[in-house]
Amino acid sequence: MKDKNVIQVEDLSKLFGDFAAVNQISFQVKSGEIFGFLGANGAGKTTAMKMLIGISSPTSGTATVAGFDVYKEAESIKKNIGYMSQKFALYDDLTIKENITFFGGIYGLSKKQIDRKRCELVDELGLQEVANSLVSSLPLGWKQKLAFSVSLLHDPKIVFLDEPTGGVDPITRRQFWEMIYKAAHNGTTIFVTTHYMDEAEYCDRVSIMVNGKIEALDTPKKLKAHYKTDTMNDVFLKLARG
Amino acid sequence: MGISVSNITKSYGKVTALSDISFDVKPGELFGLIGPDGAGKTTLFRILTTLLIADKGQATVAGYDVLKEYKSIRNSVGYMPGRFSLYQDLTVEENLNFFATIFGTTIEENYDLVKDIYVQIEPFKTRRAGKLSGGMKQKLALSCALIHKPKVLFLDEPTTGVDPVSRKEFWEMLKRLQKKDITILVSTPYMDEAALCDRIALIQDGKILQIDTPNAIVRHFPKPLYNISANDMYGLIESLTNHEHTYSIFPFGEFVHYTDKRDLMDREGLKDYLESQGLTDIHIEKTQPTIEDTFMELAK
Amino acid sequence: MKRFVGFVRKEFYHIFRDKRSLFILFGMPIAQILLFGFAITNEINNVNIAILDQANDVTSKEIINKIAASKHFSIVDIIQKESSIESIFKKGKVKAVLQFENNFGNNLIKEKQANVQVLTDATDPNMANTISNYISAILKKYQQELNKNTTIDYQIVPQSRMVYNAELKSVYMFVPGVMTVILMLVSAMMTSISITREKEQGTMEILLVSPLKPFQVIIGKVFPYIFLSVINAIVIVLLSIFVFNVPVNGSLFLLGIESVLFIITSLALGILISTISATQQTAMMISLMGLMLPTILLSGFIFPISSMPLPLQVISNIIPAKWFIIIVKGIMLKGIGIGFIFKETAILVLMTLLFIGISVKKYKIRLE
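Here the structure is a predicted model, which means the values were calculated and not measured.

A word on the sheet that holds strand β12 (residues 246-252) of chain B
All names here are of chain B.
So, point 1. Taken together, 4 strands build an open sheet; the order of strands is β12-β13-β11-β14 and the sheet is antiparallel. Edge positions in the sheet fall to β12 and β14 (283-287), since each of these pairs with one other strand and no more. Geometrically, the sheet is characterised by an average inter-axis angle of 30° between neighbouring strands, direction not taken into account.
So, point 2. Alignment of strand β11 (residues 225-229) against β14, held across 5 bridges, turns out to be antiparallel. Within β14, the residue paired with S229 across the bridge is H283.

Structure representation (structure tokens):
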């Protein structure tokens, strides 16, 4: 039973002084699931995510990610997950190839593996012509797609995506999500936060945080039925307002 | 007192930010500029607020030419650039006072214009702007842009990075402002906000794809559109991508939006094909194209 | 280990692709070594001195020739009367005056001893000491040669007097220098940072799209710093008078006016820097590297300009601090009036107008 849950969180809290940024949240994420982690700015999403990816220690509660304990085995967590955020993904002043080589090295891949993956990646994304150009010359959508691929270089069990499609045009956004579907289909668990409520619909299950607590957790279909709305956007509005 | 743009072109070195842009905004209209990052929205705003000079083309704002009469424009427009530029270390009240003063007016004089918005942040008026939440900063920035009763209001991505609740409230405020005779030009990457404008221009890579009212613009979608769902989204996408008659497929929430290459779509045939690919629970039904569908089709 | 290597390689890429860091890593050290190497020297060369030869005899002329031949000194004036000494020091043309008493030669032969007055401008006490010592050395050498072939022990006695700073207090030199550096630092750096901060925050955009005229924005930014700098200047002067007993022999009022002038010069420089900087970091770097460092090294604050190689001496002329230090030292230590520092004042005024002119031209009423 336990191995099926790649993320297991129980009563996890993070306090800053008196203020509970994350207030006793509990949930599980199954292997291969696309899990949407939603909430308004300041609801505690980012704080919670930081605890799960091993860069922030919780105040109380328990959590395991990829089977590792967030308190004691944070380093192992970092080795077994991929991470990509809107704010930073790749180095602008390195070329595409150099970025892939660099991150491959950081994730501990052998030179042979890196070379192979690099070729695969460049081919898959159709970047042959620009492979030796600086990442800064790529349009935003390409950068994000490349960053996502790079986060998967070491075949992690889970990938954490922090608002990965902000500002990207609608076509590329969907191509991005098709890449996510493919990765999930291949067994990678996807943990994603987003401001685009329509993207919430793509997830297998969605959790919504309000003021540090998880106020809703279910499939998009069931949430819409429960709150008697047509869209996830309206579910969110009802929850956040109330 | 509207906006008129004719054949505006602007490049930065080798990159063309805007390419032959033309459109008009009628006085008192709420006009949306819809497009993703890099479409050229901010460049266009900076040209219209006289902060940048276009390489080619002309534009007038409130009847004044952006090149020759820029001073008059700067006296009579309200501008909210991205990142709601406020003075972080001044309080809410001090910020508002400052902007009122440099425009030669006072908070009291035009208070009725900003009242709806300002009352929501008034309880925090002695708090430093840097310590406000995103939604509150947004409201403050809007108030500061309005306090001198501008004829034209330029809002550059005012809802980016703000939670959906605040976004909704913001647009409600804009609608109320419209009634007070202010021409508003808003840019946003969120397609669902486009529906709230009087008219919209879809823009990508420096070019305008289409201009019309939100209702009419979806009529530019060339083909019938279908919602398709099945038990496995990924399998569905894969199957349809490999299908010989597929013209376009895009995931849309729990459905896939599908258009067929042929004029007459064969629903049964498609269902059979999908079942042969191992999919079950298949639903196919016609649906109305949204602004986003139209955008993607025009942007191809 | 492999990860570490990969990481280090990436760091090298960053460094070599960033022009700014390349400049800091290679350009600056070279520039600094050259600058320090040439500018810092304890030697003195080509120091301007004047001679008052009241004896006009063979011996005095011989000594004068020896001095003229020395690379350390450059005789630029021969004065005729004692009363001219004060004004020549006030003009700042010479750093020392050699005065041969009447009957120098006769005294030497008859009394076996003659005196030479060595008057040194001690507003720069270190240099004054060195000058005095070098002159004494030349005199001693001449004396040795005289005594070589005789059994008589002739004595040429240098009587050294430090003018303006009898006790050779180094604080006399530091106070004007520190005042200059602080005024320049606060005014130029703070102004440039304040303006570029507005640009960085994005609020400059809004200011531009408003009825505020560009010059109003600039004057408004600069105004608080004029006040603060004036207060700074007053505090420094008060401290130096009451704590360090540095005299103010000249007019306090004149000192005040000249200080305000220099403050405005520095502010204008700050505005100029802000027009070429996009970020606060750049403004700070330019202020520190391009302004502070040359000011400290080349303004004559610590290291005498006359001892530097010619190119550096020429460059020192474009540093406003150099002229202000001359003015401050002159007013405080020498007690001179506007007449003697007219040239320096005019130069500062011209520089100010130039900086303001360029800034106005470069100030962008648009964003690019």
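Moving on from the coordinates now.
Describing the confidence of the model for chain C
So, point 1. The pLDDT averaged across chain C works out to 86; a share of 99% of its residues lies at or above 70.
So, point 2. Two numbers describe this predicted complex: its pTM, 0.81, and its ipTM, 0.80.

Notes on the sheet that holds strand β3 (residues 96-100) of chain C
Working definition: the strands of a sheet are paired by backbone hydrogen bonds and lie parallel or antiparallel to each other.
Residue and element names in this part refer to chain C.
So, point 1. Reading across from one edge, β2-β1-β3-β4-β5 is the order of the 5 strands in this open sheet, with mixed pairing throughout. Looking along the sheet, the strands with just one partner apiece sit at the ends: β2 (73-79) and β5 (155-163). Geometrically, the sheet is characterised by an average inter-axis angle of 25° between neighbouring strands, direction not taken into account.
So, point 2. The pairing of β3 with strand β4 (residues 113-121) spans 5 bridges and is classified as antiparallel. Along β4, the bridge assignment pairs F100 with V116.
So, point 3. Where helix α4 (residues 83-91) meets the sheet, it contacts β1 (47-53), β2, β3, β4 and β5, and its direction lies at approximately 165° from that of β3.

Topic: a negative patch on the surface
So, point 1. A cluster of acidic side chains, namely D266(B), E268(B), D272(B) and E275(B), defines a negative patch on the protein surface.
So, point 2. You can see E275(B) is positioned in helix α10 (residues 267-276).

Concerning the side chain of R205(A)
Residue and element names in this part refer to chain A.
So, point 1. Here R205 lies in strand β9 (residues 205-210).
So, point 2. Within the local environment of R205, its side chain forms a polar contact with the backbone oxygen of Q28, the two atoms lying 2.5 Å apart.
So, point 3. Other than its neighbours up to four places away in sequence, R205 contacts Q28, V29, K30, E33, I34, F35, G36, L217, D218, T219 and P220.

Focus: the pattern of salt bridges
So, point 1. Going through the model one piece at a time under the given rule, you end up with 34 salt bridges over all chains.
So, point 2. Here R46(B) makes a salt bridge to E205(C), at a shortest N to O gap of 3.0 Å. Of the two residues, R46(B) sits in helix α1 (residues 41-48) while E205(C) sits in helix α8 (residues 203-208), which places them in two different chains.
So, point 3. A relative accessible area of 24% means that R46(B) is categorised as partly exposed.
So, point 4. The exposure class of E205(C) is buried, given its relative accessible area of 7%.
So, point 5. Where K334(C) meets D121(C), a salt bridge forms, and the shortest distance between an N and an O atom there is 3.2 Å. Here the residue K334(C) occupies a position in helix α13 (residues 320-334), and D121(C) occupies one in strand β4, the gap between them amounting to 213 residues. Across this residue pair, the class does not change: K334(C) and D121(C) are buried.

What about the domain arrangement of chain C?
Residue and element names in this part refer to chain C.
So, point 1. We note that the domain assignment places domain 1 (2-39 + 171-362) and domain 2 (47-163) within chain C.
So, point 2. Once you take the C-alpha centre of each, domain 1 and domain 2 turn out to be 39 Å apart.
So, point 3. Of the residues lining the interface, 10 residues belong to domain 1; the matching set on domain 2 comes to 12 residues.
So, point 4. The interface formed by domain 1 and domain 2 holds 1 salt bridge in total.
So, point 5. For the pair domain 1 and domain 2, the number of links is 2 residue pairs in polar contact (both at pLDDT 80 or more).
So, point 6. For the side of domain 1 that touches domain 2, the secondary-structure elements that each account for two or more residues are α7 (171-201) and α13.
So, point 7. The element best represented in the side of domain 1 that touches domain 2 is α13, accounting for 3 residues.
So, point 8. Of the residues contributing to the side of domain 1 that touches domain 2, the split by class is 6 nonpolar, 2 polar and 2 charged.

Quick notes on the interface of chain A and chain B
A common way to report how large an interface is uses the accessible area buried once the components associate.
So, point 1. At the junction of the two partners, chain A supplies 28 residues and chain B supplies 28 residues.
So, point 2. In total, chain A and chain B occlude about 2400 Å² of area from one another, counting both sides; carbon and sulfur atoms represent 64% of this.
So, point 3. For the interface between chain A and chain B, the tally reads 4 salt bridges.
So, point 4. E292(B) serves as the salt-bridge partner of R174(A), at 3.1 Å between the closest nitrogen and oxygen.
So, point 5. At the level of secondary structure, the elements contributing two or more residues to the side of chain A that touches chain B comprise α6 (170-185), α7 (197-200), α8 (220-226) and α9 (232-241) of chain A.
So, point 6. Looking at the side of chain A that touches chain B element by element, the count peaks at 8 residues for α6(A).

About the thresholds
- All residue numbers here refer to positions counted from 1 along the written sequence of the relevant chain.
- To label them, take the chains in the order written and letter them from A, then take the ligands in the order written and number them from 1.
- Only residues with pLDDT of 70 or above have their local features reported here, since the model is predicted, and side-chain atom pairs are shown and tallied only from 80 upward, although totals for entire chains, interfaces and linings are computed over all residues.
- Just so you know, side-chain values use all the structure's heavy atoms and leave hydrogens and water out.
- For two strands to pair, DSSP has to find at least two bridges joining them.
- Helix numbers and strand numbers start at the N terminus; a helix is a DSSP run of H or I with at least 4 residues, a strand a run of E with at least 2.
- Axis geometry follows a simple rule: fit a line to the C-alpha atoms, using only the stretch in contact for helices, then measure angles between N-to-C directions, giving values from 0 to 180 degrees.
- Predictor confidence is given residue by residue as pLDDT, running from a minimum of 0 to a maximum of 100.
- What makes two residues a contact is simply this: any of their non-hydrogen atoms within 4.5 Å.
- Like charges are joined within 9 Å and nonpolar side chains (Val, Leu, Ile, Met, Phe, Trp, Tyr) within 5 Å, but only among residues with over 30% relative accessible area and no salt bridge; these make up the patches.
- Note on areas: Shrake-Rupley with a 1.4 Å probe; residue coverage comes only from the protein chains shown.
- In the sections that follow, a salt bridge refers to a side-chain nitrogen of Lys or Arg positioned within 4 Å of a carboxyl oxygen of Asp or Glu.
- In this charge count, Lys and Arg are treated as positive and Asp and Glu as negative; neither His nor the chain ends contribute.
- Think of each charge as sitting on NZ of Lys, CZ of Arg, CG of Asp or CD of Glu.
- Polar contacts, as counted here, are pairs of nitrogen or oxygen atoms within 3.5 Å of one another; within protein the pair requires one atom able to donate a hydrogen and one able to accept it, and residues that are adjacent in sequence qualify only if both atoms are side-chain atoms.
- A 1.4 Å probe rolled over the protein chains alone gives each residue an accessible area, and that area as a share of the maximum for its type sets the label: buried under 20%, exposed over 50%, partly exposed in between.
- An automatic or database domain assignment is the source of the domain bounds shown.
- Under the convention adopted here, Pro, Cys and the residues Ala, Val, Leu, Ile, Met, Phe, Trp and Tyr are nonpolar, Asp, Glu, Lys and Arg are charged, and Gly plus all remaining residues are polar.
- What gets called buried area is simply the loss in accessible area from a 1.4 Å probe that two parts show on being joined, summed for both.

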